[in-house]
Amino acid sequence: MTYHSGSRAVQDRVGVRDLADHMGRAVGQGIRPVAAAFLELQPMLVVGAAAPESGTPPEREAALAGGGGVWASLLTGEPGFVRATGARRISVVGGLPAGDPLTGALATPGTAVGTIALDPRTRRRLRLNGRVRPTPRGFAVEADQVFGNCPKYLQRRQTYETVTGRAPGVPRRGRELTPSQREFVEAADTFFLATVHAHGADASHRGGNPGFVRVEAPGELSWPDYPGNSMFLTLGNLTADPRAGLLFLDWTSGAVLQLTGTARTEFAPDGERTVRFTLAEAVETPAASPLRWSAPAYSPANP
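Residue positions are given per chain, counting from 1 as you read along its sequence in written order. Restriction of local features to residues with pLDDT of at least 70 applies here, the model being predicted, together with a cutoff of 80 or more for giving and counting side-chain atom pairs; totals for whole chains, interfaces and linings are based on all residues. To get the side-chain values, all heavy atoms of the structure are used, and hydrogens and water are removed first.

## Describing the packing of helix α1 (residues 5-14) against helix α6 (residues 233-240)
Working convention: axes come from line fits to C-alpha atoms, limited for helices to the stretch in contact. Angles between N-to-C directions cover 0 to 180 degrees. A run of H or I in DSSP becomes a helix once it reaches four residues, and a run of E becomes a strand once it reaches two; helices and strands are each numbered from the N terminus. Put simply, α1 and α6 touch, their axes get as near as 7 Å, and they point 115° apart. Between α1 and α6, the angle is such that the two are roughly perpendicular. Crossing of α1 against α6: the hand is right-handed. Contacts between α1 and α6 involve Gly 6, Ser 7 and Val 10 on the former and, on the latter, Leu 233, Leu 235, Gly 236 and Thr 239. As a working rule, the residues Ala, Val, Leu, Ile, Met, Phe, Trp, Tyr, Cys and Pro are called nonpolar, Asp, Glu, Lys and Arg charged, and the rest polar, with Gly in that last group. Its residues assigned to classes, the contact of α1 with α6 shows three nonpolar, four polar and no charged. Note on terminology: angles under 35 degrees are roughly parallel, angles over 145 are roughly antiparallel, angles of 65 to 115 are roughly perpendicular, and the others are oblique. The hand of a helix crossing depends on one turn: near helix anticlockwise from the far one by less than a right angle means left-handed, and clockwise means right-handed. Residues count as neighbours in contact if any of their non-hydrogen atoms are within 4.5 Å of one another.

This is the structure:
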């Protein structure tokens, strides 16, 4: 099933159901050879899922809409650490940094996860959603959905290097953004967004010129929903389940800021859409990624 009722509701509201049906034909379950070759070249993978509910303190239950928070997490490795190992399966060697909110989820068989492999060098991305199976060397994902996206709003970064000796720092947790975290978010040109629905999970990319994400208050963010492929998988998920996870990456220092909370979409009469995010918890990890990327060339599609 490509679409559930949440996505259909947004498609109908915007008036793009026919276009969505056309675009949905590109969503499959199999991993094509060109997709498999793409995956083996990637040094990073983003995973989105809901954390196990047992890890949710009682005081955060209401903020997280009655369950474990949804998070987006970053995995890195030498190219080949993620690869296709079957017609509908990818395998990942290694795991998340200590203290990552999704460690328990990736160790639980059957957890619904969304993954996105994004290559700034070529401005290509591949999304694969499915179910986790832990393995002796990491984990595998059995695919339910596999599809690519166009390069819209994706900034080009020509090269990267692996910084020898860079190791993740101790995660810092909070319920509001600090002044430095606010600056981090408002300077971002890219972030990753994890969402869920009753039968699965998804991880997607959002991009724009620095400043496209606004911090309205220490616990409130917003960003414009730019025109995309008209499938509305992400906004559809938020219609069905408002939990969301955001991942911001410092492409130079490797620092990662993960946010979990809830999000809603506002539809303006002129057709513009804005997503508003309410923060429940933030986790900042210094040097979470060993990769240092070159400066960006902003997408010509950015408004």
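## Regarding the environment of Thr 265
Relative to the helices and strands, Thr 265 resides in strand β15 (residues 256-267). The spacing of Thr 265 and Leu 154 is 111 residues in sequence and 22 Å in space, taken between C-alpha atoms. Setting aside chain neighbours within four positions, we find Thr 265 in contact with Leu 235, Arg 273, Thr 274 and Val 275.

## Overview of the sheet that holds strand β4 (residues 89-93)
Pairing between sheet strands relies on hydrogen bonds along the backbone, with the strands arranged either parallel or antiparallel. One bridge is not enough; two strands pair if DSSP finds at least two bridges between them. Overall, antiparallel pairing links the seven strands, which are arranged β2-β1-β5-β6-β7-β4-β3 in an open sheet. Whereas interior strands pair on both sides, the edge strands pair on one side only; in this sheet they are β2 (70-76) and β3 (82-86). Going from strand to strand, the sheet's axes swing by 35° on average, the running direction of each strand aside. With eight bridges joining them, strand β5 (residues 112-119) and strand β6 (residues 124-135) adopt antiparallel strand pairing. Pairing of Ala 117 across the sheet is with Leu 126, part of β6.

## Considering the pattern of salt bridges
Salt bridges are counted wherever a side-chain nitrogen of Lys or Arg sits within 4 Å of a carboxyl oxygen of Asp or Glu. All chains considered together, the criterion is met by 19 salt bridges. For Asp 202, the salt bridge identified is with Arg 127, shortest N-O distance 2.7 Å. Taken together, the residues Asp 202 in strand β11 (residues 200-207) and Arg 127 in strand β6 connect sequence positions 75 residues apart. Judged on exposure class, the residue Asp 202 and its partner Arg 127 are both buried. When the shortest N-O distance is used, the salt bridge between Arg 206 and Asp 225 registers 3.9 Å. Placement of Arg 206 in strand β11 and of Asp 225 in the loop between β13 (220-224) and α6 is noted, with a sequence separation of 19 residues between them. Note on accessibility: Arg 206 and Asp 225 belong to one class, buried. When salt bridges with common partners are traced through the structure, they connect Arg 214, Glu 216, Arg 264, Glu 266 and Arg 276 into a single cluster. A 1.4 Å probe rolled over the protein chains alone gives each residue an accessible area, and that area as a share of the maximum for its type sets the label: buried under 20%, exposed over 50%, partly exposed in between.

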